[in-house]
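For reference, the chains in residue letters:
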Amino acid sequence: MSATKEISLTSLGIIAGSGVLPRLLLNYCHENGIKPYVVGFTGQTDPQTIIGQDYLMTRIGASSKTVKWLHENGVKDLVL
């Protein structure tokens, strides 16, 4: 029995803080036909990261708003 399982993603929620990782994930999504939904945080997420993306800009403590938005967009997989 294989220890790995192939996963097929059609969409991905990305909780985007600062740094380069959110942009790397976005590039991967675009190159592989995965629809990204980005959650950015006021004062933390670089605004350049979310340009041209489906996104929600919110404050860090607004988790219920974030979960609701992701759910409304059918996001089942999430990267923090």
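Residues numbered from 1 in each chain as written. Predicted model: local features only at pLDDT ≥ 70, side-chain atom pairs only at ≥ 80, totals over all residues. Heavy atoms only, no water.

### Describing the environment of I15
Heads up, the condition is: Here a helix means four or more residues in a row that DSSP labels H or I, a strand means two or more in a row labelled E, and each is numbered from the N terminus. Each residue is assigned to one of three classes by its accessible area relative to the maximum for its type, calculated with a 1.4 Å probe on protein chains only: buried under 20%, partly exposed between the two thresholds, exposed over 50%. By definition, residues are in contact when any of their heavy atoms lie within 4.5 Å.
Among the structural elements, I15 can be located in strand β1 (residues 11–16). With relative accessibility at 17%, the residue I15 sits in the buried group. It is 8.5 Å that separates the C-alpha atoms of I15 and F41, two residues lying 26 residues apart in sequence. Here I15 is in contact with V39, F41, T66, L78, V79 and L80, once residues within four sequence places are set aside.

### Concerning the side chain of T45
Residue placement: T45 occurs in the loop between β2 (35–41) and α2 (47–50). For T45, a relative accessible area of 5% gives the class buried. Sequence-distant contacts of T45, that is, excluding residues within four places in its chain, are made with A16, G17, G40 and I50.

### Let's talk about the pairing of β2
Defined as follows: Two strands are said to pair when DSSP picks up at least two bridges between them. A right-handed crossover is one whose linking path, passing over the helix from the first strand to the second, runs clockwise when the strands point away from the viewer.
Of all seven residues in β2, six are buried, a share of seventy percent or more. In this structure, β1 lies alongside β2, joined through six bridges in parallel fashion. If you follow I15 over to β2, its bridge partner there is V39. The parallel pair β1 and β2 is bridged by helix α1 (residues 21–31), and the resulting crossover is right-handed. Across five bridges, β2 lies against strand β3 (residues 54–58) in parallel orientation. Following the sheet pairing, G40 is matched in β3 by M57.

Taken by themselves, the reported measurements are silent on function.
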